[in-house]
Structure formats: structure tokens, C-alpha cells
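# Inside the fold
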Amino acid sequence: MKSFFTLVCLSAMAFPVFGQNWTVLNPPSGLIAVDKSLEEKKIYFDVKNTGNDTISLLAYRLENVLATSADTSHLTYFCWDLCYGVNGAQSISAVHIAPGDTLNHTGVGDGQYLAFQPGSIDGYSRTVMRIVNEADPNEFVDLVYEFSVGGATNSITDAALAARSLSNPTPNPAQNLFSVTYDLPQGQAGTLGLYNLIGKEVRMQSLSGGQGEARMEVADLPRGIYFLHLKSQGRAISSRRVVLR
């Protein structure tokens, strides 16, 4: 099984990606300062095929965390090949990159970028974008973007930890079922979704507002790595990794 790599925007250096036949050339580095008067801030990136065969890549938004406020005014989306809408969380289809070629932002539709919309709200936000090899879902790169709006500089805060309103699954690894506790704002319903490595939803449960416990049966699912997303008002507010075996 191939390994996966995470690029985290926490310091002044970029983390290179090795061990696969494609790489992200220009991931962002550091906490990204955003003027709250902006309509949106775009961060461009390129993907290069370093192997000898054409590769097909998919992309989707894995997580969208508003870490210092329950306000949902901060929005993120990404444009993968051709833009498909602000609310899109998964690419419509794979993009194909020939050996030695680079998928960049010089083509139609401005190409590849992640866009952050501050919505005039101060605070810290984070979003995670995943790029996956369509032929091998175990080969992927997570791009972690962290944003500072109006001077928020520290992602490790009580407010950021409080936003983690989904417990770790128990047991994990799981075989037949697992359980989690969750915490949603009172009066604000949500959903609990289980997604495979290429972003396909394989389970979904509706949740009422407030605190609660949810159980999910997984005995019939293929063994492997999944991601559990707690969503409210259509946006992921917390995520956990689940292993089935």
C-alpha cells in the first residue's frame, strides 16, 4: 500500500511530496493572512506528473473548519480544472496529466486554486483539500490551508479545540460498528457522513441539535480507511479518521 502525504500550512517552509509519480509544486506555506474586506482570496497550485504514464487525479474538499466561531460566514471552495460552483466539494471528473506535464492555472477557467471568502468575519479557519490518484485511492495528498482573518494568528486555541465537536470513533479500528459522541449548536440539526478515500459518501445519519451519541454499522463495507464528517448547515465542521478491518 502506498503512503499518503499531508502538506500543512503552519510554518514558513513548504513540505515536498515524495514517493509517488506526481507532486504538488507550489503548496502555500504559513498561516494565510486575509483582509476581511476582500470578496475572496485565491491560492493557486500546480500538479506535475513526474512518472512515465498518464495519471488521472480527482479532488475534493475533505474538511472545512470554522475554528473560532460558530458563524458560518467563512467559505472555502476549490477550482479543479474547470470551476463548477462555490458549493462543490468534489471534482466532477478526473483530470488527466501526461508524463512530464503540469496541470496549472494557465488554461481555461483559471485552472487550479482554492478560494477563501472571509465574509467580513474575524477569526481563524481551516480547510483541507484532497487530491487522489483515481487508479489507486491509497495514493493521495492532503493540502491543509489555514487562514487568519483580521489578525487571528494562533490555530491552537481553546476555541479551535472546542470546534472539534466530534469524538474519536470507538472502537477504531472497527469491524462491525463504531460509536461517536457529537456536539451541535442547540436548534441546529446536522448529519454524520462516512466517506471513502475518493470522497464518496457510503453512510449518512441525520442528527438533532445539541449533544448526543451515534452508532454506525459498517460490517458490509470494504476494509480500509474512511473519514467521518460531522456537518451542520451543509458544511463539515469536524472530521475523524476511521479504519475498518
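This text goes with the structure placed above it.
Rules used throughout
Residues numbered from 1 in each chain as written. Predicted model: local features only at pLDDT ≥ 70, side-chain atom pairs only at ≥ 80, totals over all residues. Heavy atoms only, no water. Salt bridge = Lys/Arg side-chain N within 4 Å of Asp/Glu carboxyl O. Buried < 20%, exposed > 50% of the residue type's maximum accessible area, 1.4 Å probe, protein only. Core = buried A, V, L, I, M, F, W, Y, C linked by side-chain atoms within 4.5 Å. Helix = DSSP H or I, 4+ residues; strand = E, 2+ residues; numbered from the N terminus. Phe/Tyr/Trp six-rings, centres within 6.5 Å; stacked < 30°, edge-to-face > 60°. Lys NZ or Arg CZ within 6 Å of the ring centre and 35° of its normal. Pairing = 2+ DSSP bridges.

Looking now at the pattern of salt bridges. Under the definition given, this model contains three salt bridges. Between Glu 40 and Lys 42 there is a salt bridge, and its shortest N-O distance comes to 3.9 Å. Taking relative accessible area as the criterion, Glu 40 reaches 25% and is therefore assigned partly exposed. What makes Lys 42 partly exposed here is its relative accessible area of 31%.

Moving on, we get to the nonpolar core. Val 47, Leu 57, Trp 80, Met 129, Ile 131 and Tyr 145 are the most contacted members of the largest nonpolar core, which totals 34 residues. Going through the elements one at a time, strand E2 (22–24), strand E3 (32–34), strand E6 (55–66), strand E8 (95–97), strand E10 (113–117), strand E11 (123–133), strand E12 (136–149) and strand E17 (224–232) are the ones with two or more residues in this core. The element that contributes the greatest number of residues to this core is E12, accounting for seven residues. In terms of nonpolar packing, the next biggest core, distinct from the first, is built from 18 residues, Leu 192, Leu 221, Val 242 and Leu 244 among them.

Residue Pro 171 is reached from Thr 170 by a cis peptide bond, and omega for that bond is -10°. Along the chain, Pro 171 falls in the loop between helix H1 (158–162) and strand E13 (177–184). A cis amide bond links Asn 172 with the next residue in sequence, Pro 173, at an omega value of 15°. Here Pro 173 is to be found in the loop between H1 and E13.

The next subject is the packing of aromatic side chains. According to the stated counting rule, one finds three aromatic pairs in the structure shown. With 6.5 Å between their ring centres and 70° between their planes, Tyr 77 and Tyr 113 make a pair best called edge-to-face. One end of the pair, Tyr 77, is in strand E7 (residues 75–79); the other, Tyr 113, is in strand E10, and 36 residues separate them in sequence. Owing to a relative accessible area of 8%, Tyr 77 belongs among the buried residues under this scheme. Residue class for Tyr 113 comes out buried when judged on its relative accessible area of 4%. Taken together, the aromatic side chains of Tyr 44, Tyr 77 and Tyr 113 make up a single cluster linked through ring pairs. Cation over ring: Arg 130 sits above Phe 140, and NZ or CZ is 3.8 Å from the ring centre.

The element strand E14 (residues 190–195) is largely enclosed, with a buried count of five among its six residues. With six bridges connecting them, E14 and strand E15 (residues 201–207) associate as antiparallel partners. Looking at E15, one finds that Leu 194 is bridged to Arg 203. Between E14 and E15, which follow one another and run antiparallel, lie five residues, and Gly 199 among them has a positive phi close to 85°. With six bridges connecting them, E14 and E17 associate as antiparallel partners. In the sheet register, Leu 192 faces E17, and the bridge partner there is Leu 230.

Read these as layout, nothing more, since geometry by itself doesn't imply function.
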